[in-house]
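Fold and contact review
One letter stands for each residue in the lines below.
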Amino acid sequence: MKGQRIVLLLLVMLIGMLNIGAQEILAYRQTFDTNKMYWPIDENFGIVDGEYVLHTENQELYAYLDLSSKDGTFQLDTRLITGKSTAGYGLLFRLQDPYNFYFFFLVDQGYFLAGKAVDRQGINFCPWTYTSIIKAQAKNTLKVAYQGQKLTFLINNTEVFSHQDSSFESGGIGLYTQGGVRVGFDDILVWETTASTQ
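Before going into details, it helps to say that this report is about the structure given with it. (Residues numbered from 1 in each chain as written. Predicted model: local features only at pLDDT ≥ 70, side-chain atom pairs only at ≥ 80, totals over all residues. Heavy atoms only, no water.)

**Section: the layout of surface pockets**
The criterion, for reference: A cavity, in this analysis, means grid points on a 1 Å lattice covering only the protein atoms where a 1.4 Å probe fits yet has no way out; a pocket is instead an open set bounded by protein on both sides within 12 Å along at least five of seven lines, and a residue lines either one if it has an atom within 4 Å of a point. Grid points are joined across faces, edges and corners, and a volume is the space filled by probe spheres set on the points. Counting from the N terminus, the helices are the DSSP runs of H or I reaching at least four residues and the strands are the DSSP runs of E reaching at least two. Classes in brief: Ala, Val, Leu, Ile, Met, Phe, Trp, Tyr, Cys and Pro nonpolar; Asp, Glu, Lys and Arg charged; the others, Gly included, polar.
A volume near 240 Å³ is recorded for the largest pocket. Residue contributions to the lining of the largest pocket peak at three residues, all from strand 7 (residues 100-107). When grouped by side-chain class, the residues that make up the lining of the largest pocket number eight nonpolar, one polar and two charged.

Spelled out as structure tokens, the structure:
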């Protein structure tokens, strides 16, 4: 009996070591008080009052960084400044190039969409889905957590969807908007999951 208790104690200690072996570290932060990572600046992209603003009349826009991340979390604040409340906007992650990535979008009317683009072809993981968590005409926090094939999607710190997919193991981050809107982005945070060397 004593031997069994010792084995159980060692097992509990091992599980605890496994749980603390992996941790998330803050790898990137951008508040747009400055443009320290050199996001694009031109007639469609600019920093206005501490936000990175994308503006387009009739075409979709995206901006991205080659900030490669495998497992971790990507979070940002975003809001519709002006334009159509039916236009989608949001974030891209594990981005390979402008035609291959995962995406997480919302519209100001209260709907979200998660999926991927493969060779320019959009593939939705879910239909446009309504949630009362989205705040109209206000800032919303979008967040994605990606660990291996598991992708978890959150709005305002509440999980709204999860999915398993193996198309992209790592990649950069990006911002996106459909046409006809002016959208602001701020407080971009990226955490990376690291394994302990001990």
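**Brief notes about the side chain of Asp 77**
Quick reminder of the rule: With a 1.4 Å probe rolled over the protein chains alone, any residue whose accessible area is under 20% of its type maximum counts as buried; one over 50% counts as exposed, and the rest are partly exposed. Two N or O atoms count as a polar contact when they lie within 3.5 Å, although within protein this holds only if one can serve as hydrogen donor and the other as acceptor, and sequence-adjacent residues are included solely when both atoms are side-chain atoms. Working rule for contacts: check all heavy atoms of both residues, and any pair within 4.5 Å makes them a contact.
Position of Asp 77 among the secondary structure elements: in strand 5 (residues 72-83). Among the residues examined, Asp 77 registers a relative accessible area of 8% and is labelled buried. Of note is the side chain of Asp 77, whose polar atom sits 2.6 Å from the side chain of Thr 141. Non-local contacts of Asp 77, meaning those with residues more than four positions away in its chain, are made with Lys 139, Asn 140, Thr 141, Gly 184, Phe 185, Asp 186 and Asp 187.

**Focus: the side chain of Gln 30**
You can see Gln 30 is positioned in strand 1 (residues 22-30). For Gln 30, a relative accessible area of 1% translates into the label buried. If sequence neighbours within four positions are ignored, Gln 30 has contacts with Asn 35, Lys 36, Met 37, Trp 39, Asp 186, Asp 187 and Ile 188.

**Points about the pairing of strand 5**
Both faces of the sheet carry side chains from a regular strand, because those side chains alternate between them. Worth spelling out the cut-off: A pair of strands is treated as paired once DSSP finds two or more bridges between them.
Taken together, the seven bridges between strand 5 and strand 11 (residues 140-147) define a ladder with antiparallel strand orientation. Along strand 11, the bridge assignment pairs Thr 73 with Ala 145.

**Some details on the environment of Leu 189**
Tracing the backbone shows Leu 189 in strand 15 (residues 181-195). Linking Leu 189 and Lys 143, residues 46 residues apart in sequence, is a C-alpha distance of 9.3 Å. Those residues in contact with Leu 189 that lie beyond four places of it in its chain are Leu 26, Tyr 28, Arg 29, Thr 73, Phe 74 and Gln 75.

**Notes on the nonpolar core**
Stated formally: The set of buried Ala, Val, Leu, Ile, Met, Phe, Trp, Tyr and Cys residues whose side-chain atoms join them within 4.5 Å is what this entry labels a nonpolar core.
Membership of the largest hydrophobic core comes to 40 residues, with the highest contact counts inside it found for Trp 39, Phe 74, Phe 93, Phe 104, Phe 153, Ile 173 and Ile 188. Here the element with the most residues in this core is strand 15; it accounts for five residues. If sequence neighbours within four positions are ignored, Trp 39 has contacts with Tyr 28, Gln 30, Phe 32, Tyr 52, Ala 63, Tyr 64, Leu 65, Ile 173, Leu 175 and Ile 188. Counting residues in each nonpolar core, the second largest holds eight residues, with Phe 101, Phe 103, Leu 113 and Ala 117 among its members.

Note that every value here comes from positions in space, so none of it alone points to a role or purpose.
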